[in-house]
Amino acid sequence: MAYDVDLFVIGGGSGGVRAARTAAETGARVALAEESRMGGTCVIRGCVPKKLMVFASEFRGLAGLAKDYGWSADRGTFDWGAFRGNLHAELDRLESVYRSLLKSSGVATYDTRARVTGANEVTLNTGEVISAGHILVATGGHPVRPDMPNAALGMVSDDIFDLEELPKSILIVGGGYIACEFACILNGLGVDVTQFYRGAQILRGFDEEARGLIAEMMKEQGIDLHLGTNIVDMWPAEEGADDMPTPAEERHADTAEGPGPVIVKATNGTEKRFDRLLFATGRAPNSKGIGLEDLGVGLNRRGAIEVDEFSQTAVKSIYAIGDVTDRIQLTPVAIREGMAFTETVFRNNPTAVDHDCVPSAVFTQPELGTVGLSEEAAREREEIEVYCTSFRPMRTAFAGSPHRVLFKLVVSKATRKVLGCHIVADAAGELIQMVGIAVKAGLTKEDFDRTVAVHPTMSEELVTMRAPVRTA
Ligand code: NDP
């Protein structure tokens, strides 16, 4: 049977765009629908604008440091409006790059929502019906608010980039990547930041020593971090007003129409007003309402599309990649999944994505770079040696800063392979990309030791740690 296109991609984020382009390069006829802006979460409301905000927020500390190095430097003031204008201009530029890449690859694009209405059929919101040999769902995810009264008072990460002005104070709820990154960014931009995390330590799942140091450094910078703490109740506060007692009947009216100032009662007994509240309480897959369940595509309990190692769903002609499958929610992983899809379906070369040993970074200040197993996860599997050092780095110690870094290697006792590496330091994201190659390649502690140090650097510690701090 002749289809209108060989491939229809739903979702113009990093994964969908890469899959569409690489499939088109094979000569396939490809179409792609995106209901929002081309570029998806990463480019429009995630990694890219977030990283630019990280850069913006770092200047505050630099002015102080420059003084200790003999420069007459004044911190000055931060103009959110000017920055936001430049930020959005950059995002517009990047979106147009995505569009022109799709165009030059010969991919037909539709700026509208699409639903899967058959194993080989997609229906656009415009009413147009398009038949496709294969359908690729790359619809990503969205931030979620907790299910509680007045939750609409809180922003989610998407809202940050559009703020008219920076709040004076903010409460951030959550202890994951997004909560910790925005706590550091907003603190750096001069916002008074309070953070609540319901568990015992932020960044669950990462190496415990690294989590501990990040939390300590965040507090040291002035972030008011409360562990084991959550919201009990919250209600709207007046814009710009001081703390005023709110009558009980108004507190629970649940009339919140959107984000605004809020009074929060917490499990730690405090009741405090914040100009804004940010829920960084996780993300959910965009898998509902696009017709998948009707066709027999499996969704798991969290709503993620169930796929095999080739990203194929229970319906043979339908594949899914990226955050909507909730394997590893990272842009480079979605891109890999997109390219593996093209290899499998359009180059007749079945290619499973390797999700093992994926390096990643949390852009806190300092950053956390990580690859492989945490000490805790490795200990569950086999006997290990731990090599670890934490110290005040030359650059900031010179200025008398208490700022500390951490370099840690988790090593298999039996094979001597480095199973995991964890770095807490400025530019740890850059460093872990390099170490990631060695860890992925399965190099041993002795291979690390044979490498001559680059001096004077912080990361020379990675090749000079002689004795394990502990075995387990
Ligand atoms: P995470 O799942 O990492 O964190 C969610 C946080 O919210 C957790 O601390 C969780 O607590 C807490 N939480 C969940 N529900 C509630 C609730 N009802 N009340 C209070 N707290 C709650 O999600 P993020 O949104 O931070 O990030 C999503 C994904 O996006 C990440 O997993 C990552 O893959 C990706 N990402 C990557 C970045 C990078 O590479 N630098 C940057 C940003 C995002 P608990 O731990 O107890 O469950």
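Throughout what follows, the structure given in this document is the object of discussion. These figures come from a predicted structure and were not determined experimentally.

## Looking at helix 3 (residues 47-68)
Moving on, step 1. Spanning 22 residues, helix 3 covers 32 Å between terminal C-alpha atoms, matching the ideal 32 Å at 1.5 Å per step.
Moving on, step 2. Along helix 3, the sharpest change in direction is near 30° and occurs at glycine 61.
Moving on, step 3. If you check which residues of helix 3 are buried, you get Pro49, Lys50, Met53, Val54, Ala56, Ser57, Ala63, Leu65 and Ala66.
Moving on, step 4. Against helix 2 (40-45), helix 4 (80-104), helix 5 (157-160), helix 6 (177-188) and helix 12 (394-397) lie the buried residues of helix 3.
Moving on, step 5. At the C-terminal side of helix 3, glycine 70 shows a positive phi close to 100°.

## Some points on the side chain of threonine 370
Moving on, step 1. Note on placement: threonine 370 falls in strand 18 (residues 367-372).
Moving on, step 2. The exposure class assigned to threonine 370 is buried, which follows from its relative accessible area of 9%.
Moving on, step 3. There is a polar contact of 2.8 Å between the side chain of threonine 370 and the side chain of histidine 422.
Moving on, step 4. Sequence-distant contacts of threonine 370, that is, excluding residues within four places in its chain, are made with Phe206, Val358, Pro359, Ser360, Cys421, His422 and Ile432.

## Points about the sheet that holds strand 18
Moving on, step 1. An order of 17-18-21-20-19-22 is seen for the six strands of this open sheet, with the pairing classed as antiparallel. With one partner strand each, in any of the chains shown, strand 17 (360-362) and strand 22 (470-471) form the two edges of the open sheet.
Moving on, step 2. Running at roughly 170° to strand 21 (residues 418-425), helix 13 (residues 428-440) makes contact with strand 17, strand 18, strand 20 (405-412) and strand 21 of the sheet.

## A few points about the nonpolar core
Moving on, step 1. Judged by nonpolar contacts, the single largest core of 51 residues is most densely connected at Met53, Ile172, Leu186 and Ile202.
Moving on, step 2. It is helix 6 that contributes the most residues to this core, seven residues altogether.
Moving on, step 3. Leaving out residues up to four positions away in the same chain, isoleucine 202 has contacts with Gly175, Cys180, Gln195, Tyr197, Arg211, Ile214, Ala215, Met218, Leu225 and Leu227.
Moving on, step 4. If you look at the next biggest cluster of nonpolar residues, it comprises 24 residues, including Leu7, Val107, Phe341 and Val345.

## Here we look at the pairing of strand 1 (residues 5-10)
Moving on, step 1. Across the six residues of strand 1, five count as buried, placing the element largely inside the fold.
Moving on, step 2. Pairing between strand 1 and strand 6 (residues 129-137): five bridges, direction parallel. If you follow leucine 7 over to strand 6, its bridge partner there is histidine 134.
Moving on, step 3. When strand 1 meets strand 2 (residues 30-33), the two strands line up parallel, connected through four bridges. Residue pairing across strands places leucine 7 opposite valine 30, the latter belonging to strand 2.

## Re unusual backbone geometry
Moving on, step 1. Here the amide bond leading from glutamine 365 into proline 366 is cis, since omega sits at 5°, within 30 degrees of zero.
Moving on, step 2. Mapped onto the elements of the fold, proline 366 is located in the loop between strand 17 and strand 18.
Moving on, step 3. For the bond running from histidine 455 to proline 456, omega is -10°, close enough to zero to count as cis.
Moving on, step 4. A positive phi is found at serine 311, a non-glycine position, where the angle reads about 70°.
Moving on, step 5. Position of serine 311 among the secondary structure elements: in the loop between helix 9 (292-295) and strand 16 (318-320).
Moving on, step 6. Although it is not a glycine, alanine 427 adopts a positive phi angle of roughly 65°.

The rules behind each value
Residues numbered from 1 in each chain as written. Predicted model: local features only at pLDDT ≥ 70, side-chain atom pairs only at ≥ 80, totals over all residues. Heavy atoms only, no water. Helix = DSSP H or I, 4+ residues; strand = E, 2+ residues; numbered from the N terminus. Expected span 1.5 Å × (residues − 1). Bend = angle between axes of the 7 residues up to and from the residue. Buried < 20%, exposed > 50% of the residue type's maximum accessible area, 1.4 Å probe, protein only. Contact = heavy atoms within 4.5 Å. Polar contact = N/O pair within 3.5 Å; in protein donor to acceptor, adjacent residues only side chain to side chain. Pairing = 2+ DSSP bridges. Axes fitted to C-alpha atoms, helices over the stretch in contact; angles between N-to-C directions. Core = buried A, V, L, I, M, F, W, Y, C linked by side-chain atoms within 4.5 Å.

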